[in-house]
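Spelled out, the chains give:
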Amino acid sequence: MKIALLSSNEWLERLDSFGRRHPFLHPGWMASAAEELSMTLELAEFSIDGKDFIAPIFYDKDNKFSFSAIGYGGAVELSDTRCLDREGVAAVQLANHLEKAGKGHFYRSVGLPLPICTDNGENAFPKAETAVIPLAANVEETFSRILTGNVRTAIRKAQASGVTCRELGAQDIKPLHKLIVSTQTNVGSAYLTRLEFITSLFNLEQPDVKFFGAFVGDNLASGVILLADGEHAFHYLHGWNRDQSGLCVNQAVLWYAVAHAIRTGRHWFNMGASHTKPLLHAKLRWGARIERYLSMDSSDMPIEKTS
């Protein structure tokens, strides 16, 4: 296998050629994630059986590598139609090649969910699920046709209760971080996002990163960080004040983010994976549908170890 290393511009050209732009595949995002995790990033292009692929390779300090860091990544097929199983095979072969070349030991690859991606079931690669809203052409149609009545009622309740939403500024970063960390602690998250990383995202020029908040009076009650590139928006981080959740502040700010995605030309709004069934059901009420993606670690992949 021959691997070519791409510049950031070359990487974006490959993505643009096949409509693969996604915030987690943007070099700006991947470089920020690599820096946060003290990793080294390479952008690779390779071919298998006449099909071309690209993949980010993240190397850590413990002689390990992965094809994703924070968020999605994986081996991405450069063709008009992607296939999860072909991308799984590509990830395995790339990992084998790197291990044999002494580049380290593979430990993780989380693939990219895209609606045009097919799953032909030929290989038993582990797959996870995320909830993605197919956005309508405009805000009004999305509100009336895509959202369920329960969600529309919650949004109207927030508005009637005086909840206001706006884009956040630099002065709001610390209050937002406090909400995010509090929420992560309450749900038992294994990782608490650092203030320095959130600050770096606020200052990131590309991909498009927006901070939105819902306010009760002058107090930030709920906030989200939205990532977007190409046709895709991703609901990345969300923190809220539980004492004010009865005012539907979460629904208010999430709708504000969805509306922004529509107005800026996004077609898909990824709400992220769900760790409980009630959370998944709540996302499906937004008109989301389930999309599958590859999620593999070293125990899932038939890596050919070197002797």
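Everything numeric here is computed off the predicted structure, so don't read it as measured data.

A. Structural context of the layout of surface pockets. The calculated volume of the largest pocket comes to roughly 1,800 Å³. Along the wall of the largest pocket there are 45 residues; nearest its centre are Tyr236, Ala273, His275, Leu279 and Lys283. Breaking the lining of the largest pocket down by element, the ones donating at least two residues are strand 6 (105-110), helix 5 (149-160), helix 6 (173-186), strand 11 (232-240), helix 8 (249-263), strand 12 (268-272), helix 9 (277-284) and strand 13 (289-297). Top element by residues in the lining of the largest pocket is strand 11. It accounts for six residues. Across the lining of the largest pocket, the residue classes break down as 25 nonpolar, 16 polar and four charged.

B. Focus on unusual backbone geometry. Along the chain, glutamine 206 connects to proline 207 via a cis peptide bond; the corresponding omega equals 0 degrees. If you trace the backbone, proline 207 turns up in the loop between helix 7 (195-202) and strand 9 (208-216). Positive phi, close to 50 degrees, is recorded for aspartate 49, a residue that is not glycine. Positive phi is not limited to glycine here, since asparagine 63 has a value of about 65 degrees. Residue classification places asparagine 63 among the partly exposed residues on the basis of a relative accessible area of 43%.

C. Region of the structure containing helix 1 (residues 8-17). Residues Trp11, Leu12 and Leu15 constitute the buried set of helix 1. Viewed along the axis of helix 1, the buried residues span an arc of 95 degrees, placing them on a single side of the element. Exposed residues lying more than 90 degrees from the buried face of helix 1 are Asn9 and Ser17. Looking at the packing, one finds that the buried side of helix 1 touches helix 2 (27-36), strand 2 (40-48) and strand 3 (51-59). Immediately beyond the C-terminal end of helix 1, within one or two residues, lies glycine 19, with a positive phi of roughly 60 degrees.

D. Broad picture of the nonpolar core. With 40 residues, the main nonpolar core has Trp11, Trp29, Leu201, Phe211, Ile225, Leu227 and Tyr236 as its most contacted residues. Counting residues per element, the ones that place at least two in this core are helix 1, helix 2, strand 3, helix 6, helix 7, strand 9, strand 10 (219-229) and strand 11. Core analysis: the second largest hydrophobic core is formed by 35 residues, Leu135, Ala136, Val151 and Leu226 among them.

E. Here's a closer look at the pattern of salt bridges. Taken as a whole and assessed by the stated rule, the structure comprises 13 salt bridges. For arginine 14, the salt bridge is made with glutamate 45, and the minimal N-O distance between the two is 2.9 Å. One end of the pair, arginine 14, is in helix 1; the other, glutamate 45, is in strand 2, with 31 residues separating them in the sequence. Looking at glutamate 45, the relative accessible area reads 18%, which means it is buried. When the shortest N-O distance is used, the salt bridge between arginine 21 and aspartate 16 registers 2.9 Å. Beyond isolated ion pairs, a larger network of salt bridges with shared partners links Asp16, Arg21 and Asp229.

Rules of the game
What you see as residue numbers is a count from 1 along each chain, following the sequence as written. Where local features are concerned, this predicted model is filtered to residues with pLDDT of at least 70; where side-chain atom pairs are given and counted, the filter is 80 or more; whole-chain, interface and lining totals use all residues. Side-chain metrics rest on all non-hydrogen atoms present in the structure, leaving aside hydrogens and water. Think of a 1 Å grid over the protein atoms and nothing else: a 1.4 Å probe that fits but is trapped marks a cavity, an open set flanked by protein within 12 Å on at least five of seven lines marks a pocket, and residues with an atom within 4 Å of a point count as lining. Grid points are joined across faces, edges and corners, and a volume is the space filled by probe spheres set on the points. Counting from the N terminus, the helices are the DSSP runs of H or I reaching at least four residues and the strands are the DSSP runs of E reaching at least two. Gly falls in the polar group here, along with every residue not listed as nonpolar (Ala, Val, Leu, Ile, Met, Phe, Trp, Tyr, Cys, Pro) or charged (Asp, Glu, Lys, Arg). The rule is simple: take the accessible area with a 1.4 Å probe, protein chains only, and divide by the maximum for that residue type; under 20% is buried, over 50% is exposed, in between is partly exposed. Arc definition: directions from the helix axis to the C-beta atoms. In this description, contact between two residues means that some pair of their heavy atoms is separated by no more than 4.5 Å. Residue types Ala, Val, Leu, Ile, Met, Phe, Trp, Tyr and Cys, when buried and joined through side-chain atoms within 4.5 Å, form a set referred to as a nonpolar core. The term salt bridge refers to a pairing of a side-chain nitrogen on Lys or Arg with a carboxyl oxygen on Asp or Glu at a separation within 4 Å.

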